[in-house]
Amino acid sequence: MLGQVDVALPAAGAGAGVVPATGSFTLAWLLVALPLVGAAVLLLLGRRADGWGHWLGVLASGSAFVVGAVLALAMARLPADERVMDLFLFDWLPLEALPVAAGLRIDPLSVAFVLLVTGVGTLIHVYSVAYMAHDVARRRFFAYLNLFVAAMLLLVLADSYALRFVGWEGVGLASYLLIGFWNHKPAYATAAKKAFVMNRVGDVGLLVAMMAMAATFGALDFAHVHGAAGQADTGTLTLIAIALLVAACGKSAQFPLQAWLGDAMAGPTPVSALIHAATMVTAGVYLIVRSAPIYDLAPSAQLAVVLVGAVTLLFGAIVGSAKDDIKKTLAASTMSQIGYMVLAAGLGPAGYAFAIFHLLTHGFFKAGMFLGAGSVMHGMDDQVDMRRFGGLRSVMRVTWATFAVGWLAILGVPPFSGFYSKDPIIEAAFVASETAPAWQPWVIGPVTVFGAALTAFYMSRLFFMTFHGAPRWTPGQHPHESPALMTVPMVVLAAGAAVLGLGLTMGDGIVGWLEPVLGHAEHHEPVLPVWLIIGATLVLVLLGAFLAWRQYGASPVPVVAPRGARVTRAARADLYQDQVNEALFMRPGQYLTRALVYVDNAAVDASVSGIGRAVVRFGAVLRPLQTGFARSYAAMMLSGVVIALVAVLVARG
């Protein structure tokens, strides 16, 4: 049973002390306000903004990036123990039992996310100007993009779980609007609804966690909840942590709430890039890492996080190995890579920073590859079937080159960014922990290595099927390179994918940058030599890439996919995730509904209807007595009087 604990305002979460925001940091509210105002203007002005609304959307997102960069530079000049700040905005819910203020948490973790969301988001905005040039609803599209960015910024900047929930729901709304942007196609509208409903399932977890926090701590802000976590019992903390994990699974498409991600490719390709690289699917990882003080005290919940990440990274890799749709292959890749991040976050202090490190590098190379996929579709009349591609290297050289950088980065080939961000997760997975089961490093470690090999196979398969081999184009197609507004953002993202990993390891690196928030993490040696882990990973990565090249680069690729083995057919069907959900949740729900309807009809309605029928029948018996003739009624009255008099006389006599 939950019991409220005494709450004392702590110095800070897991790291340095919290100080009030001053100076330029008091302008942090502009980060949310700028794109939010942009969205409002574009929606309220309507068609009057059609001619220039897209540039207003770019300006709003770009301005937020400038503000974020200014704050990041100002923070870098501060001592580490002054980098965690709270900015009070206003009293939001002045309740006596549970006061909630609206405020922002400005620290190295939130600022890192701000730069990712606004930086990558602005590049996607620029790309979208050309990609959506011929869409009659382009202005509305940019309004939704701005809303998406604003909601994500509120999510990562909020200083309480309550205000974060507002951003959390805002992200869900924006994703629904953008995934179903072309909702005149029923399949796209269905995909948007599927994403929305599955995310609402995850939201129940966040609501349960917040209710448990309110009952236990009497507060929902980070400072109080995290500071008092050590005073709560392990059972309560485990409940809160598991509920937060459910929420993270919904937003980050982790097992078992991952089924919506592939269908979300129904939206325009820039939406896919924004969801997969900078906004929605990263929110779950942020939620877990931000809640580190809770997870550090709930080892059972940490193990659950590790297992969810391990299952999902393999799930996504297997599905991605059999897909022929270029966007759905990248979606499966995102599911798998987020699995690495979630797994790392479950490893505790040793993994939190590595999860964020990989999240940042992934934001660049995955956004670049999604925009590259959009460029291919732009040049191939919106074709998405990789079996109809091939040979595009010769006609789309910029797209090929930028995509190649992202491909090498996600494979983890040195010196590209994925090598610096994913390999530390693999090494950390082999580290034994006092709070984790003894078998964990011997099971989870090999899973991460095998996942890297599968990643190399399916991403190389995508790369070779799309850009190499003989052309398999549909007759009449004339592939061509995309305009500069599309290729320039791809070049910038490719540059980030190439050098960001090395840049974030220089000096104290990302680990040192996040230390004021996450605390100092002691280095522990893995159960196997580091050189063996790195060497085996690279060998298996090269082997996976070689197998993909031999089958899809050096050999002819059939235009019609062969039947394949049973596991291949299962992977093409997303490992039957929709069928499982239908069998476990939808069908039982239908049967329950039908049973309740039967009970309602047979019992409730039948009893009410029976009373009504009895009244009707009784009325039918009495109806002949109502003739409508006054003389008949007078005779009946007279007869009644006579009978009454006779009865009285008989009684007296």
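The following refers to the structure shown. All values derive from a computational prediction rather than experimental measurement. (Residues numbered from 1 in each chain as written. Predicted model: local features only at pLDDT ≥ 70, side-chain atom pairs only at ≥ 80, totals over all residues. Heavy atoms only, no water.)

## Comments concerning the sheet that holds strand E2 (residues 84-93)
No. 1: In spatial order, the strands read E1-E2-E3; together these 3 strands make up an open sheet with mixed pairing. Only two strands of the sheet have a single partner each, and these edge strands are strand E1 (18-20) and strand E3 (100-106). Taken over all neighbouring pairs, the strand axes of this sheet differ in orientation by 45 degrees on average, direction set aside.
No. 2: In this sheet, E3 lies alongside E2 in antiparallel orientation, the contact comprising 7 bridges. Within E3, the residue paired with Leu93 across the bridge is Val100. (Pairing = 2+ DSSP bridges. Helix = DSSP H or I, 4+ residues; strand = E, 2+ residues; numbered from the N terminus. Axes fitted to C-alpha atoms, helices over the stretch in contact; angles between N-to-C directions.)

## Examining the packing of aromatic side chains
No. 1: In this structure the tally under the stated criterion is 17 aromatic pairs.
No. 2: Here the aromatic rings of Phe255 and Phe315 are separated by 6.5 Å at their centres, their planes lie at 45 degrees, and the arrangement is tilted. With Phe255 in the loop between helix H8 (234-251) and helix H9 (260-263) and Phe315 in helix H13 (residues 299-320), the pair connects residues that are 60 residues apart, well separated along the chain.
No. 3: Each residue in the set Phe403, Trp407, Phe463, Phe464 and Phe467 is aromatic and connected to the rest through ring pairs, giving one cluster.
No. 4: Sitting over the face of the ring of Phe196, Arg200 holds its NZ or CZ atom 4.3 Å from the ring centroid.
No. 5: It is Lys422 that lies over the ring of Tyr340; its NZ or CZ is 5.2 Å from the centre. (Phe/Tyr/Trp six-rings, centres within 6.5 Å; stacked < 30°, edge-to-face > 60°. Lys NZ or Arg CZ within 6 Å of the ring centre and 35° of its normal.)

## Brief notes about the side chain of Thr455
No. 1: Relative to the helices and strands, Thr455 resides in helix H18 (residues 440-467).
No. 2: Owing to a relative accessible area of 0%, Thr455 belongs among the buried residues under this scheme.
No. 3: Of note is the side chain of Thr455, whose polar atom sits 2.8 Å from the backbone oxygen of Gly451.
No. 4: When near neighbours in sequence (up to four residues on either side) are disregarded, Thr455 contacts Ser336, Gln337, Ile410, Leu411, Lys422 and Ser460. (Buried < 20%, exposed > 50% of the residue type's maximum accessible area, 1.4 Å probe, protein only. Polar contact = N/O pair within 3.5 Å; in protein donor to acceptor, adjacent residues only side chain to side chain. Contact = heavy atoms within 4.5 Å.)

## Observations concerning the pattern of salt bridges
No. 1: Here the structure, examined in full by the defined rule, presents 12 salt bridges.
No. 2: Between Asp324 and Arg387 there is a salt bridge; the shortest N-O distance is 2.9 Å. Residue Asp324 is located in the loop between H13 and helix H14 (326-346), and its partner Arg387 is located in the loop between helix H15 (349-379) and helix H16 (397-411); the two are separated by 63 residues in the primary sequence. Across the pair, Arg387 and Asp324 agree in class, each one buried.
No. 3: Each of Glu169, Arg200, Asp203 and Lys251 takes part in salt bridges that share partners, so that together they form one network. (Salt bridge = Lys/Arg side-chain N within 4 Å of Asp/Glu carboxyl O.)

Geometry only, nothing functional implied.
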